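Structural characterization, general
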Amino acid sequence: MRSKLFVPGSRPELFAKALAGEADAVSIDLEDAVPESRKVQAREGVAAWLRTRPATGGRQVIVRVNAMDTPHFEADLAAVVQPGLHVLNLPKPQSPQEVRAASEAIARAERANGVTDPVGLLLNIETSRALREAAAIASADPRVMGLQVGLGDLFEPLGIDRQERAAVQHVLLAVRLAAGEAGVPAFDGAYADVRDTEGYLAEAQLARRLGFAGKTCIHPSQVPLANAAFRPTDAEIAHALKVSAAADEAQARGLGAWLVDGRMIDRPFLQRAQAIVATARRLRLLPDA
């Protein structure tokens, strides 16, 4: 999921258009993008659209619901946990207990709405407490499919400059390490200045170097930037294929470590190479095995 295009839940005319674009996933928002006066209307519109079983073209459909401490959470789940939903994005979870409670609530909505394929949970890390407990939060339930950084929500109450690169890098690294401990991917969040393409691309490239899988896009113009930033390069693909081929020979010789182009390779490097090859095949940069 290199790119996740954000769409306000109050704009149903944009849902199909977003799915027809180049983003790997479409994230429909019922939280911050929808004013209080339109929460019910937006929820009903998203639910009606999901019930049509929209053609996704292989893209994931994500809905960000309102947080658990709001009066909208349960109603959001009852409405949008439909067979057309792949992932539910939960904002501001504060503890593993909250994640497990959210998963139980999703299970109830699945039973009520006849959903047989479990809905995944993408968790936003948006508070100091959540950052401190990120690994435990990510490990709290099998439904969790990833962590997502919410820098705006995290930094604003603390008076931290959103453009302070050291702060951004610190949080990204902390979330990536927590996600790695839990065995799930990490996704970078939004970059609010749509006109600042250089800033968006620089942040996406930083996230990619830190091992993130993709980044949120709040405008279609950011989608090609995210797709480019998180696409394996030709050099990376070539090296990954070489590592994988050398691994077969090393295994036949009973070696746990071997050299490729003068660099020592062992299991962690092989796993990274295999992930690159798998991504390249998914993006059709390589033929299927």
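Because the structure is predicted, anything quoted here is derived from the model rather than measured.

1. Brief notes about the overall build of the chain
- Of regular secondary structure, the chain possesses 12 helices and 10 strands.
- Its C-alpha radius of gyration of 20 Å places the chain within 12% of the 19 Å reference for a compact globule of 289 residues.
- Projecting the C-alpha coordinates of the chain onto the three principal axes gives extents of approximately 65 × 45 × 40 Å.
- Of all intrachain contacts in the chain linking residues separated by at least 6 positions in sequence, the fraction that spans at least 24 positions is 67%.
- Just so you have it, the chain exposes about 13,900 Å², and 53% of that area is on carbon and sulfur atoms.

2. Overview of unusual backbone geometry
- Unusually for a residue other than glycine, R53 sits at a positive phi of about 50 degrees.
- According to the relative accessible area criterion, R53 is exposed, its value standing at 56%.
- Not every positive phi belongs to a glycine, and K92 is a case in point at roughly 55 degrees.
- Along the chain, K92 turns up in the loop between β4 (87-90) and α4 (96-113).

The rules behind these values
- Residues numbered from 1 in each chain as written.
- Predicted model: local features only at pLDDT ≥ 70, side-chain atom pairs only at ≥ 80, totals over all residues.
- Heavy atoms only, no water.
- Helix = DSSP H or I, 4+ residues; strand = E, 2+ residues; numbered from the N terminus.
- Rg over C-alpha atoms; globule rule 2.2 N^0.38 Å.
- Contact = heavy atoms within 4.5 Å.
- Areas by Shrake-Rupley, 256 points an atom, 1.4 Å probe, with all protein chains shown as cover.
- Buried < 20%, exposed > 50% of the residue type's maximum accessible area, 1.4 Å probe, protein only.

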